[in-house]
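# Residue-level structure breakdown
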Amino acid sequence: MTPLLWIAAGAVVATLALAFGGARLARPLLAVDRIGTAAATVIACAALAVAVFAGLWQVVARFATETPSVWSEALVRTALIWMAMLGLAVAVRTGALVSIDIAHRLASGALRRGLEAAALAMSLTLMAVLFWFGWIMAERVQFQEMAGLEVSIAWGYAAIPVGAVFAALGALAQFLDRRSEELEAAV
């Protein structure tokens, strides 16, 4: 069996285990999720602030001092990657991603829970694939350096598996304790 089939099978098994026996896991998982989502939110906001200030410095250095900064572009790019991957975790937890809201609204009972379980299985599969390939890429480039920053490119690629772990945790918590802020505000 290929690794991707193992990933998909693992996601389905995790979904079934959570759907049929997740009551005991709910409290500790939601406690870990509260901490994880708060940390992801803070780090994503900090990464956005770093990107804004590095981008501002890049403009000032280029046009005011006429000496372009060699490090700011790489820092902006890396900070935005971290912001996006950790922001994904926050979006998954708050139910802000594109969802099947019409089907969710029309369904009830077991059918609704089945739709939520299918969405969880697909989300966990995606996050596992992101983790798998992000980890492989971070390992491959660990000895290469970002031009201008003099740090390993692996720090940029590490955002993918880290964000995938936070997003998978958010997806599990969303399944156990549904937050549908986007659905409630929709017309």
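Described below are features of the structure shown in this document. (Residues numbered from 1 in each chain as written. Predicted model: local features only at pLDDT ≥ 70, side-chain atom pairs only at ≥ 80, totals over all residues. Heavy atoms only, no water.)

### Observations concerning the overall build of the protein
Threshold: The secondary structure listing takes helices from DSSP runs of H or I that are at least 4 residues long and strands from runs of E that are at least 2 residues long, numbered from the N terminus. Per-residue accessibility, obtained with a 1.4 Å probe over protein chains only, is compared with the maximum for each type, and a residue is labelled buried under 20%, exposed over 50%, and partly exposed between these values. Any pair of residues with heavy atoms lying within 4.5 Å of one another is described as a contacting pair. Accessible surface area values rest on a Shrake-Rupley calculation with a 1.4 Å probe, where residue burial reflects the displayed protein chains alone. Residues counted as positive are Lys and Arg, residues counted as negative are Asp and Glu, and His and the chain ends are not counted. Taken as the charge location is NZ of Lys, CZ of Arg, CG of Asp or CD of Glu.
Summing up its helical and strand segments, the protein has eight helices and zero strands in all. Reading the protein from its N terminus to its C terminus gives the helix and strand order α-α-α-α-α-α-α-α. Evaluated residue by residue, the protein yields a buried proportion of 35% over its 187 residues. Residue pairs at least 24 apart in sequence account for 75% of intrachain contacts in the protein once pairs closer than 6 positions are excluded. Carbon and sulfur atoms make up 72% of the accessible area of the protein, which amounts to about 11,300 Å² in all. With 12 positive and 12 negative side-chain charges, the protein shows a spacing of 11 Å between the two charge centroids.

### Section: the pattern of salt bridges
Applicable threshold: Basic side-chain nitrogens of Lys or Arg form a salt bridge, by our definition, when they fall within 4 Å of a carboxyl oxygen of Asp or Glu.
Evaluation of the coordinates by the stated rule reveals four salt bridges. In this structure, the salt-bridge partner of Asp33 is Arg93, at a minimum N-O distance of 2.7 Å. Linking Asp33 in helix α2 (residues 23-63) with Arg93 in helix α3 (residues 72-94), this pair joins segments that are 60 residues apart in sequence. For the pair Asp33 and Arg93, a shared accessibility class is recorded, and that class is buried. Taking the shortest distance from any N to any O, the salt bridge between Arg113 and Glu116 comes out at 2.7 Å. On the criterion of helical spacing, the pair formed by Arg113 and Glu116 is a turn pair, its members being three residues apart in helix α5 (residues 109-140).

### Observations concerning helix α7 (residues 159-176)
Note the cut-off: The span one expects for a helix is its residue count, reduced by one, times 1.5 Å.
Spanning 18 residues, α7 covers 26 Å between terminal C-alpha atoms, matching the ideal 26 Å at 1.5 Å per step. Among the 18 residues in α7, 13 count as buried, and that is most of the element.

### A word on the environment of Ser152
So the rule is basically this: The definition of a polar contact used here is a pair of N or O atoms within 3.5 Å, where within protein one atom must be able to donate a hydrogen and the other to accept one, and adjacent residues in sequence count solely through side-chain atom pairs.
Following the sequence through the fold, Ser152 ends up in the loop between α5 and α6 (154-157). Separated by 10 residues in sequence, Ser152 and Gln142 place their C-alpha atoms 5.7 Å apart. Discounting chain neighbours no more than four positions away, the residues touching Ser152 are Val141, Gln142, Phe143, Gln144, Glu145 and Met146. Polar contacts involving the side chain of Ser152 include one to the main-chain carbonyl oxygen of Gln142, which spans 2.8 Å.

### Examining unusual backbone geometry
The phi dihedral of Glu66 falls on the positive side, at around 55 degrees, and the residue is not glycine. Mapped onto the secondary structure, Glu66 falls in the loop between α2 and α3. Taking relative accessible area as the criterion, Glu66 reaches 67% and is therefore assigned exposed. Non-glycine residue Glu150 carries a positive phi angle of around 60 degrees.

### Remarks on the packing of aromatic side chains
Stated precisely, the cut-off is as follows: Each pair of aromatic rings taken from Phe, Tyr and Trp, with Trp reduced to its six-membered ring, is defined by centres within 6.5 Å and is described as stacked if the planes are under 30 degrees apart, edge-to-face if over 60, and tilted in the remaining cases. Charge-over-ring placement is defined geometrically: NZ (Lys) or CZ (Arg) within 6 Å of the ring centre, and within 35 degrees of the ring normal.
Under the definition given, this model contains one aromatic pair. Over the ring of Phe175 we find Arg113, and its NZ or CZ is 3.8 Å from the ring centre.

### Remarks on the nonpolar core
The condition that has to hold: Only buried residues count toward a nonpolar core, which is a set of Ala, Val, Leu, Ile, Met, Phe, Trp, Tyr and Cys residues joined through side-chain atoms within 4.5 Å.
Of all hydrophobic cores here, the largest spans 29 residues; its most connected members are Trp82, Leu88, Leu120, Leu124, Met127, Ala167 and Leu172. Listed by contribution, the elements that provide at least two residues to this core are α1 (3-21), α2, α3, α5 and α7. Sequence-distant contacts of Ala167, defined by excluding residues within four places in its chain, comprise Leu88, Ala89, Val92 and Met127.

### Thoughts on the packing of α3 against α7
Packed helix pairs are specified by the crossing angle of their axes together with the interaxial distance, meaning the distance between the axes. Just so we agree on the cut-off: In this analysis an axis means a line fitted to C-alpha atoms, helices contributing only their contacting stretch, and an angle means the value between N-to-C directions, from 0 to 180 degrees. For this classification, under 35 degrees means roughly parallel, over 145 means roughly antiparallel, 65 to 115 means roughly perpendicular, and everything else is oblique. Any residue that is not Ala, Val, Leu, Ile, Met, Phe, Trp, Tyr, Cys, Pro, Asp, Glu, Lys or Arg is counted as polar, Gly included; the first ten are nonpolar and the last four charged.
The contact between α3 and α7 brings their axes to 7 Å, and the two run at 5 degrees. Relative to α7, the element α3 is oriented roughly parallel. Judged by residue contacts, Ile81, Trp82, Met85, Leu86, Leu88, Ala89, Val92, Arg93 and Thr94 of α3 engage Ala159, Ile160, Val162, Gly163, Ala164, Phe166, Ala167, Gly170, Ala171, Ala173 and Gln174 from α7. Classifying every residue of the contact of α3 with α7 gives 15 nonpolar, four polar and one charged.

Limitation: the analysis is restricted to geometry and does not speak to function.
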